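Next come the chains, spelled out residue by residue.
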Amino acid sequence: MAFGVKREELQAWKRQVQNGEVAFLTHFWIDDRFPGCDTVTKAGCSNLDVLKEWGSCYDLHPGWIHLDPYPHFDLFGDKQYEILKAEGRWDHIERFALRRKET
């Protein structure tokens, strides 16, 4: 279940993805398969070659791409934080109070 995202944000993400840009959409998320994760970032791009190349920079396997309806990787946990930090997406990090998990 997704929540905490505005319609305008979703529409802007879809447009960027359709235009072949790597776009980020972070929202609150509950999925019993991933305990301890309450947010997810969708990193999407309609150009699969661009998305695969981008993902390889972060050790994301091409098989992890969700194709329908907008090609994207789901990022959560430490990987989500590290990628958003590397991409300079402090707006997402601050808005959703993301941080590395202490181990």
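Before reading further, recall that the structure is shown in the block above.
The notes below deal with the structure included here. Counting of residues starts from 1 at the beginning of each chain's written sequence and follows it residue by residue. Confidence filtering applies because this is a predicted model: local features only for residues at pLDDT of at least 70, side-chain atom pairs given and counted only at 80 or more, and all residues used for totals across whole chains, interfaces and linings. Excluding hydrogens and water, the side-chain values take into account all heavy atoms of the structure.

1. As for the overall build of the protein
Threshold: Labels follow the DSSP assignment, with helices taken as runs of H or I lasting at least four residues and strands as runs of E lasting at least two, numbered in each case from the N terminus. When accessible area is computed with a 1.4 Å probe and restricted to protein chains, residues below 20% of their type maximum are described as buried, those above 50% as exposed, and intermediate ones as partly exposed. The contact definition used throughout considers only heavy atoms, calling two residues in contact when any of these lie within 4.5 Å. Surface exposure here means Shrake-Rupley accessible area, sampled with a 1.4 Å probe, where a residue is shielded only by the protein chains that are shown. In this tally Asp and Glu are treated as negative and Lys and Arg as positive; neither His nor the chain ends contributes. We put the charge of a Lys on NZ, of an Arg on CZ, of an Asp on CG and of a Glu on CD.
For the protein, the count of helices and strands is four helices and four strands. Listed N to C, the secondary structure of the protein is β-α-β-β-α-β-α-α in terms of helices and strands. Projecting the C-alpha coordinates of the protein onto the three principal axes gives extents of approximately 35 × 30 × 25 Å. Across the 103 residues of the protein, 36% fall into the buried class. Restricting the contact set of the protein to residue pairs at least 6 apart, pairs at least 24 apart contribute 50%. Surface summary for the protein: the accessible area is close to 6,500 Å², and the carbon and sulfur share equals 51%. Taking the 14 positively charged and 17 negatively charged side chains of the protein as two groups, their mean positions are separated by 3 Å.

2. Side note on the pairing of strand E2 (residues 23–29)
This is how it is decided: Think of it this way: DSSP has to see at least two bridges between two strands before they count as a pair.
For E2, the tally of buried residues reaches six of seven residues, placing the bulk of the element in the interior. Bridge analysis of E2 against strand E3 (residues 39–44) gives six bridges, and the strand direction is antiparallel. Pairing of Thr 26 across the sheet is with Thr 41, part of E3.

3. Remarks on the side chain of Gln 80
Position of Gln 80 relative to the elements: it lies in helix H3 (residues 77–86). For Gln 80, a relative accessible area of 3% translates into the label buried. The residues touching Gln 80, leaving out its near neighbours within four places in the chain, are Thr 26, Thr 39, Val 40, Thr 41, Leu 75 and Leu 98.

4. Examining helix H1 (residues 7–18)
Short version of the rule: In a helix, the anticipated span is given by 1.5 Å times the number of residues less one.
With twelve residues, H1 should cover 16 Å at 1.5 Å per step; its first-to-last C-alpha distance of 16 Å lies within 8% of that length. Once H1 ends, the next one or two residues include Gly 20, with phi positive near 85°.

5. Overview of the pattern of salt bridges
Formally: Any carboxyl oxygen of Asp or Glu that lies within 4 Å of a side-chain nitrogen of Lys or Arg is treated as forming a salt bridge with it.
Applying the stated criterion across every chain yields a total of four salt bridges. Its salt-bridge partner being Asp 31, residue Arg 33 comes within 2.5 Å of it at the nearest N-O pair. Residues Asp 91 and Arg 89 are paired through a salt bridge, measuring 2.9 Å at the closest nitrogen-oxygen approach.

6. Quick look at the packing of aromatic side chains
To keep it simple, the criterion reads: Planes of paired rings set the category: under 30 degrees apart is stacked, over 60 is edge-to-face and the rest tilted, where pairs are Phe, Tyr or Trp rings (Trp by its six-membered ring) whose centres lie within 6.5 Å.
Overall, the coordinates contain eight aromatic pairs when judged by the stated rule. Ring centres of Phe 24 and Trp 54 lie 5.8 Å apart, and the angle between their planes is 65°; this geometry places the pair in the edge-to-face category. Placement of Phe 24 in strand E2 and of Trp 54 in helix H2 (residues 48–56) is noted, with a sequence separation of 30 residues between them. Exposure class is identical for Phe 24 and Trp 54. Each is buried. Note on Trp 54 and Tyr 58: the rings are 5.1 Å apart at their centroids and 55° apart in plane angle, and the pair reads as tilted. No difference in accessibility class separates Trp 54 from Tyr 58, as the two residues are buried. Members of the aromatic cluster, connected to one another through ring pairs, are Phe 24, Trp 54, Tyr 58 and Phe 73.

7. Focus: the environment of Gly 36
Tracing the backbone through its elements, the reader meets Gly 36 in the loop between E2 and E3. Residue Gly 36 is classed as exposed on the basis of its relative accessible area of 64%. Separated by 26 residues in the primary sequence, Gly 36 and Pro 62 have C-alpha atoms spaced 25 Å apart.

As far as function goes, none of this settles anything; it's purely spatial.
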